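# Survey of secondary and tertiary structure
Given next are the chains, with one letter for each unit.
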Amino acid sequence: MEINVKDNVPLAPLTTMGVGGKARYWASCGTVDELRAALEWARLRAQPVQVLGGGSNTIFADGTYPGLVLKIELKGIEQSAGAVDGEITMKVAAGEHWDDFVAHCVAVHLSGIECLSGIPGLVGATPIQNVGAYGQEVAQTITAVQALDRDSLEPVSFTNQDCCFSYRSSRFKRADRGRFIITQVSFQLRRGVRPALTYPELRDRMAGHSGYDQLEAGAAASTAVRDAVIALRRAKSMVLDPGDPNARSAGSYFLNPIILGPVMDAVDERWKATAVDPDSAIPRFEESGGRKKIPAAWLVENSGFGKGFRFGEAGISQHHALAIVAYGSRAAAVVRLGEMIQEAVEKRFGIILETEPVLVTA
Ligand code: NAP
């Protein structure tokens, strides 16, 4: 099969951060056969391959990526009745835009992913980091993932359990990082169900929505929740908006660390010894096995990097301490600020923050 490979394609416009250089080779793939052909093309020429989805979680280095960048453009949504009455299965091609898919589900009265409204990126990327927000994560509704094995070029199918989902992670991000290209994701959603509001920030917002309790379960209630989530995200500049300079980011730059109980005790001691107010406590949320999840944004802010901080061509969003914002075209400026924050948080708390976006070197 013939594929159309382009030379020296600028990558900055293909990412939400809008920084970085170009791809030596670039190809757009709309079918599994095109994907396979592109992988064969790269293998024949001994070229490395970098897969690119919506560009909301990828930062390309300055200079030239010395290989083939594959843009995922697989499209299509198939809807069918699930095994149980009221359950619907949606098989979604990896190249569909996630938020368009969420909007579609809400419009056809399906619930299960409405709290994940307003998240940029493509459907195929969501299982990789088990995308989650406001009390939902895709692991709760994914039933299967179809992928292409980059070594054998054979299709592979994973059940939910096979994906080894955990907090913002899966086998595709850890043990099998880079091994598969996800081509389709299946979700099991429910019709006519009132969204479960488990996240306090969202629950509070809906409590202020007069008449929410009277809204019919299904499209009306799900639409109200979707609108509320988008409003919450917009207030933090976490919705793609060309008119908002704070939205020129890759979303959260760091993962919220989850640490063991005894490590938390040590971190608390360290904080007490240096905090201006020794009675102030580090916020935490209980996780399984006595582990604690700490909001990374709080660690960043309490290490000297407040909202609106600016360092050359990069800065911190004025609306969310976890988003690094680009003001120029150089990826190096963004990455350097990320490193400075990591160093400061480690020095202050002894915690090494993990970077969430994929940093692709040239
Ligand atoms: P936030 O509401 O300021 O919360 C910050 C942290 O506190 C998050 O780790 C959140 O956990 C945790 N948290 C808050 N209330 C909690 C509760 N009652 N129980 C347990 N944990 C609680 O978060 P934000 O940064 O503005 O983001 C809003 C939502 O979008 C969060 O759910 C966040 O995780 C999500 N988000 C996800 C991604 C992604 O999937 N890659 C990227 C950006 C933001 P959770 O993380 O478990 O929610």
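So, a few notes on the structure that sits alongside this text. (Residues numbered from 1 in each chain as written. Predicted model: local features only at pLDDT ≥ 70, side-chain atom pairs only at ≥ 80, totals over all residues. Heavy atoms only, no water.)

### Structural notes on the overall build of the protein chain
A tally of helices and strands in the protein chain yields seven helices and 20 strands. Computed over the C-alpha atoms, the radius of gyration of the protein chain is 21 Å, within 12% of the 21 Å expected from 2.2 N^0.38 for a compact globule of 362 residues. Its C-alpha atoms give the protein chain principal-axis dimensions of about 65 × 55 × 40 Å. By the burial criterion, 50% of the 362 residues in the protein chain qualify as buried. Across the protein chain, the fraction of contacts at a sequence separation of at least 24, relative to all contacts at a separation of at least 6, is 63%. Separation of charge centres in the protein chain, based on 38 positive and 41 negative side chains, amounts to 3 Å. (Helix = DSSP H or I, 4+ residues; strand = E, 2+ residues; numbered from the N terminus. Rg over C-alpha atoms; globule rule 2.2 N^0.38 Å. Buried < 20%, exposed > 50% of the residue type's maximum accessible area, 1.4 Å probe, protein only. Contact = heavy atoms within 4.5 Å. Lys, Arg positive; Asp, Glu negative; His and termini not counted. Charge placed at Lys NZ, Arg CZ, Asp CG, Glu CD.)

### Some details on the sheet that holds strand β2 (residues 22-29)
Strands pair in a sheet through their backbones, by hydrogen bonds, and they do so in one of two ways: parallel or antiparallel. Strand order in the open sheet made by the four strands is β1-β2-β5-β3, with mixed pairing throughout. In this open sheet, the two strands that pair with only one neighbour each are β1 (6-10) and β3 (49-52). Neighbour to neighbour, the strand axes of the sheet diverge by 45° on average, direction disregarded. By the bridge criterion, four bridges tie β3 to strand β5 (residues 64-72) in an arrangement that is parallel. Bridging across to β5, Leu52 finds its partner in Lys71. Across the face of the sheet, helix α1 (residues 32-44) comes into contact with β2, β3 and β5 while running at roughly 165° to β5. (Pairing = 2+ DSSP bridges. Axes fitted to C-alpha atoms, helices over the stretch in contact; angles between N-to-C directions.)

### Here's the deal with the site of the ligand
Around the ligand sit 18 residues in total, of which Tyr167, Tyr199, Lys236, Asn256 and Lys293 are the nearest. The side chain of Arg168 places a nitrogen or oxygen atom 2.7 Å from an oxygen atom of the ligand. If the ligand stood free it would expose 800 Å²; the protein chains cover 78% of that surface. Considered class by class, the residues forming the shell around the ligand number eight nonpolar, five polar and five charged. Per-domain counts for the shell around the ligand show at least three residues from each of domain 2 (77-235) and domain 3 (245-360). (Near = heavy atom within 4 Å. Polar contact = N/O pair within 3.5 Å; in protein donor to acceptor, adjacent residues only side chain to side chain. Areas by Shrake-Rupley, 256 points an atom, 1.4 Å probe, with all protein chains shown as cover. Nonpolar A, V, L, I, M, F, W, Y, C, P; charged D, E, K, R; others polar. Domains from an automatic or database assignment.)

### Brief notes about the pairing of β2
As paired strands, β1 and β2 are joined by four bridges and run antiparallel to one another. Residue pairing in the sheet places Val9 in a bridge with Ala23 of β2. In this sheet, β5 lies alongside β2 in parallel orientation, the contact comprising seven bridges. Considered in β5, the bridge of Tyr25 is made with Leu68.

### Brief notes about the packing of helix α2 (residues 98-107) against helix α4 (residues 219-235)
With their axes 8 Å apart at the nearest point, α2 and α4 run at an angle of 150° to one another. Of the possible angle classes, the one that applies to α2 and α4 is roughly antiparallel. Of α4, the residues touching α2 (which contributes Asp99, Val102, Ala103, Val106 and Ala107) are Ala219, Ser222, Thr223 and Arg226. Within the contact of α2 with α4, the residues separate by chemical class into five nonpolar, two polar and two charged. (Parallel < 35°, antiparallel > 145°, perpendicular 65-115°, else oblique.)

### Some thoughts on the side chain of Lys71
Relative to the elements of secondary structure, Lys71 occurs in strand β5. Put simply, Lys71 is tucked away with no salt bridge, and the nearest opposite charge, on Glu73, sits 4.1 Å away. At 2.8 Å, the side chain of Lys71 and the backbone oxygen of Gly53 are in polar contact. Contacts of Lys71, omitting those with residues within four sequence positions, involve Trp26, Ala27, Ser28, Cys29, Leu52, Gly53 and Leu122. (Salt bridge = Lys/Arg side-chain N within 4 Å of Asp/Glu carboxyl O.)

### Let's talk about α2
Within the sequence span of α2, burial applies to Trp98, Phe101, Val102, Cys105 and Val106. Looking straight down α2, one finds its buried side chains confined to an arc of 135°; they lie on one side. Directly beyond the C-terminal end of α2, a positive phi value near 70° is found at His109. (Arc of directions from axis to C-beta.)

### Examining the packing of aromatic side chains
Counted according to the given criterion, the structure contains 13 aromatic pairs. Relative to Phe101, the ring of Trp98 lies with its centre 5.7 Å away and its plane at 65°, an arrangement referred to as edge-to-face. You can see Trp98 and its partner Phe101 sitting in helix α2, three residues apart, about one turn around the helix. The exposure classification of Trp98 matches that of Phe101, with both residues buried. The lysine or arginine in question, Arg194, covers the ring of Tyr212, its NZ or CZ lying 5.2 Å from the ring centre. The ring of Tyr327 carries the charged tip of Arg310 above its face, separated from the ring centre by 3.7 Å. (Phe/Tyr/Trp six-rings, centres within 6.5 Å; stacked < 30°, edge-to-face > 60°. Lys NZ or Arg CZ within 6 Å of the ring centre and 35° of its normal.)

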